[in-house]
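Descriptive structure summary
Listed below are the residues making up each chain.
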Amino acid sequence: MKKKKGPVKVSDLAKQLKLSSKELIGRISELGIGVNSDRSTLAEATVKKVKKAFSKKGPRAKVKPQKKVAKVKPKRKKPAKLIEPTVEENEIALTKAAPPKEEVIPKEKPPQKIVKVKFPITVKDLASRMSIGPSLLIKNLMDLRVFATINQLIDEGIAKQAGEKFGYRIESLPTIEQETMAVYEKQDLSKLKPRAPVITLMGHVDHGKTSLLDYIRKSKIIDFEKGGITQHIGAYRVCLDKGEITFLDTPGHEAFTAMRARGATATDIVILVVAADDGVKPQTIEAIDHARAAKVPIVVAVNKIDKPNIDIDKVKKQLSEIGLTAEDWGGKTITVNVSAKMGEGVEKLLEMILLEAEMLELKADPTKPAGGVVIEGKLSKGGGPVATVLVKNGSLHPGDVVICGKYYGKIRALIDDRIHKVKEAPPSMPVEILGLNGVPDAGDPFIVVDNERKAKEITELRLQKIKEEKLAPVARKISLEDFYAEVQKGKIKELKVILKTDVQGSLEALRDSLMKIDTKELKLNIIHTAVGDVNESDVLLAAASNAVIIGLHAGKTAEAEKAIKREGVDVKLYAIIYEAISDVKAALEGMLEPKLKDVFLGRAVVRQVFKISKAGTVAGCYVQKGTIRRTNDCRMIRNGKEVYKGKLSSLKRFKDDIKEAAEGYECGIGLDGFEDIQRGDIIEAFEVQKIARKL
Ligand code: GDP
């Protein structure tokens, strides 16, 4: 009778094949089968497959480690062909942990194996690509002071260091998103055609931005299309004899910079509206600074010229004082006098916009798949997500699959600003799109991709990244402390600052003193100054421009506080002008690099250890000193030595999850990815603080 075969342990099969377990695991993974350790079991079919592979070429030739091959055949100089995994293979490796084919280059000295992977990669997948057990990799990562769990994603730097220890050179393959973007960004210059300019109106409140937008919309669109009704989709187009213009419907620099903070500059030209009866005001200057920081050209509309007792020359003089000298004053700024109420000068303004656009040589390729930016997103009355997008390049069609920020979908319909279903949206055309699986944010980029599978995969990776960023401490933007390090990395060459003070006098004093700082190569660029507290618009400008905000006798508005947290912008408030100047000077000289300090928060001693089937090992602790919080970093100390550093995975009192355990209380603590807890171990909670260097 035939004996029924069951699963076979890797170590047993290795013995049968007269190999070490490690060698066998290496070979098995080459067959595309994932194995964690020599204790793993293989199904009967897999065993057959492995044995068959060995019988084909013979175990010796197949299993000999590369090292030995190189030694036995020293003359073989030509490296074995590097088999690059296909995109498909790498995708599988990322999602299913199935190890694709190994790529091995035997080099003479020392033999080094190259593994190409897509980042980020989980510990499990990386281990499998290196044909080692994940626990071995986790241990190795601990040596590098990285405490990762098996399913945790690790970044390129860490993976490379870990790989080196096992004789692997880890190389990064472009992510699927990078590959997609590279395809999209390819430009065939011969196919470029002129496209319509995209305009945003900016200026001080009540100077007539909305009135001007409305006048243009009503007069031009009804002119163009008898009885034509428009709907507010966030943008509209007007057609003139000499060309088209697209207007973004949300005036003001806040919307403009909020989009820019998300990485999108949809606007080609800013129309700065200045009321003839009011002249240049603080928000006029703010708008100019925002437009300049974005390097977008400005056309000035001096509005309300129908009003009595106005002095247009006075306004032009004020404008020339802030660097916007009108052409008839010998400057370069196109300036048109208009009345949004009466319509006077509006035609000329539109002509001038087209003239400015011509000089900018705005072009795009209407034949390629579309890409652009979201202008606004909302839920329709029926509950489905609707987004208005502005096509920046290519042409959009119903049926196209788009990725919009973290959402995607197949476009069911394209609806233009005149409530028509359209079959195509060429460059610079705003359209509403239906068919997304969520509501994207204004400023999110969109692109068309080949198929829904790819769109799903890219958006899933984006969502994962967003989740990680949320967990990570904010501080994503530049700070005075980080400035020099960023310079040394070659990332930036100038320190951009925004200055806010309580009164005009201190603003001038601060600006003048900062301008006098003598820094040989590094430049200080003051991108915006104003009197008043730091507001949301300052924070958005700083976020969009990678600038630091410096306040002197200035506070922060509540809105600004929220935006600072959200955007991770560095805001430094000073009471003494000398301190502000000396900090900026120090930052420029690289004297302000931060020190990191662990601040002790609490200590607990392990009195009992519980093994719980679902939760793993839990330490029954008594808090001796301070407080232990669920979100704290912690380290575990055994016999005076640190044996773990990482995060708490749970904090409980009896069966309840708690946020913190105070001194004198008992609690249950689980450690993230660490099971080896013993009675008598000490768990210390701490917080890493960035400490600016004192000068
Ligand atoms: P916004 O805050 O810049 O959008 O300004 P609005 O468009 O809301 O205009 C503010 C006020 O100025 C409204 O009462 C308008 O009717 C008025 N206004 C705007 N443009 C003109 C104009 O050209 N002439 C006159 N006389 N009033 C205007």
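Reference entry: report on the structure contained in this document. Values in this document were obtained by computation on a predicted structure and should not be read as measured data.

Thoughts on the nonpolar core
Leu212, Ile245, Phe247, Ile271, Leu349 and Ile353 are the most contacted members of the largest nonpolar core, which has 28 residues in total. Among the secondary structure elements, those contributing two or more residues to this core are β8 (198-203), α11 (209-224), β9 (235-240), β10 (243-248), β11 (269-275), β12 (298-303) and α15 (346-360). With seven residues, α15 is the single largest residue contributor to this core. By size, the runner-up hydrophobic cluster in this structure holds 24 residues, among which are Phe483, Val487, Leu522 and Ile581.

Regarding the site of the ligand
What surrounds the ligand is a group of 15 residues, the closest being Asp206, Lys209, Thr210, Ser211 and Asp306. At a separation of 2.5 Å, an oxygen atom of the ligand approaches a polar side-chain atom of Thr210. One of the backbone nitrogen or oxygen atoms of Ala340 is found 2.9 Å away from an oxygen atom of the ligand. Out of a free accessible area of 580 Å², the ligand has 72% covered by protein chains. Of the residues belonging to the shell around the ligand, the class tally is two nonpolar, seven polar and six charged.

Remarks on unusual backbone geometry
Positive phi is not limited to glycine here, since Asn546 has a value of about 55 degrees. Looking at where Asn546 falls in the secondary structure, it is placed in the loop between α19 (536-545) and β24 (547-552). Here the phi dihedral of Asn639 falls at roughly 50 degrees; this positive angle occurs in a residue that is not glycine. Structurally, the position occupied by Asn639 is in the loop between β28 (633-638) and β29 (641-653).

What to know about the sheet that holds strand β22 (residues 494-501)
Spatial ordering of the open sheet is given by β23-β22-β24-β25, a layout of four strands whose pairing is parallel. Strand pairing shows two members of the sheet lacking a second neighbour, β23 (523-531) and β25 (571-574), which therefore form its edges. Here the strands of the sheet are splayed against their neighbours by 20 degrees on average, with no regard to which way each runs. For β22 and β23, the ladder comprises eight bridges, and the chain directions are parallel. Along β23, the bridge assignment pairs Leu495 with Leu524. Against the sheet, helix α18 (residues 504-515) contacts β22, β23 and β24, and its axis sits at roughly 180 degrees relative to β23.

Comments concerning helix α9 (residues 156-165)
Three or four residues apart is the spacing at which side chains of an α-helix point the same way, because the helix has 3.6 residues per turn. Within α9, burial applies to Ala159, Ala162 and Gly163. The buried residues of α9 occupy an angular sector of 105 degrees when projected down its axis, which confines them to one face. Among the structural elements, α7 (123-129), α8 (134-143), β5 (153-154) and β6 (168-173) are those in contact with the buried residues of α9. Once α9 ends, the next one or two residues include Gly167, with phi positive near 80 degrees.

Some words on the packing of aromatic side chains
Evaluation of the coordinates by the stated rule reveals two aromatic pairs. Ring plane angle 35 degrees and centroid distance 4.9 Å describe the contact between Tyr644 and Phe674, whose orientation is recorded as tilted. With Tyr644 in strand β29 and Phe674 in the loop between β32 (666-671) and β33 (682-691), this pair connects stretches of sequence that are 30 residues apart. Of note, Lys368 hangs over the ring of Tyr184, and the distance from its end group to the ring centre comes to 4.7 Å.

Some details on the sheet that holds β12
One open sheet holds the six strands; their spatial order is β9-β10-β8-β11-β12-β13, and the pairing between them is mixed. Among the strands making up the open sheet, the edge pair consists of β9 and β13 (335-337). Strand-to-strand, the axes of this sheet are offset by a mean angle of 30 degrees, without reference to chain direction. Two strands pair when backbone bridges link them, and β11 and β12 are joined in this way by six bridges, in the parallel orientation. Paired with Val273 across the strands is Ala301, a residue of β12. Its contacts with the sheet put helix α13 (residues 282-293) on β8, β11 and β12, and the angle it makes with β11 is roughly 170 degrees.

Each value, and the rule that gives it
- Residues numbered from 1 in each chain as written.
- Predicted model: local features only at pLDDT ≥ 70, side-chain atom pairs only at ≥ 80, totals over all residues.
- Heavy atoms only, no water.
- Core = buried A, V, L, I, M, F, W, Y, C linked by side-chain atoms within 4.5 Å.
- Buried < 20%, exposed > 50% of the residue type's maximum accessible area, 1.4 Å probe, protein only.
- Helix = DSSP H or I, 4+ residues; strand = E, 2+ residues; numbered from the N terminus.
- Near = heavy atom within 4 Å.
- Polar contact = N/O pair within 3.5 Å; in protein donor to acceptor, adjacent residues only side chain to side chain.
- Areas by Shrake-Rupley, 256 points an atom, 1.4 Å probe, with all protein chains shown as cover.
- Nonpolar A, V, L, I, M, F, W, Y, C, P; charged D, E, K, R; others polar.
- Pairing = 2+ DSSP bridges.
- Axes fitted to C-alpha atoms, helices over the stretch in contact; angles between N-to-C directions.
- Contact = heavy atoms within 4.5 Å.
- Arc of directions from axis to C-beta.
- Phe/Tyr/Trp six-rings, centres within 6.5 Å; stacked < 30°, edge-to-face > 60°.
- Lys NZ or Arg CZ within 6 Å of the ring centre and 35° of its normal.

These values are about where atoms sit, not about what they do.
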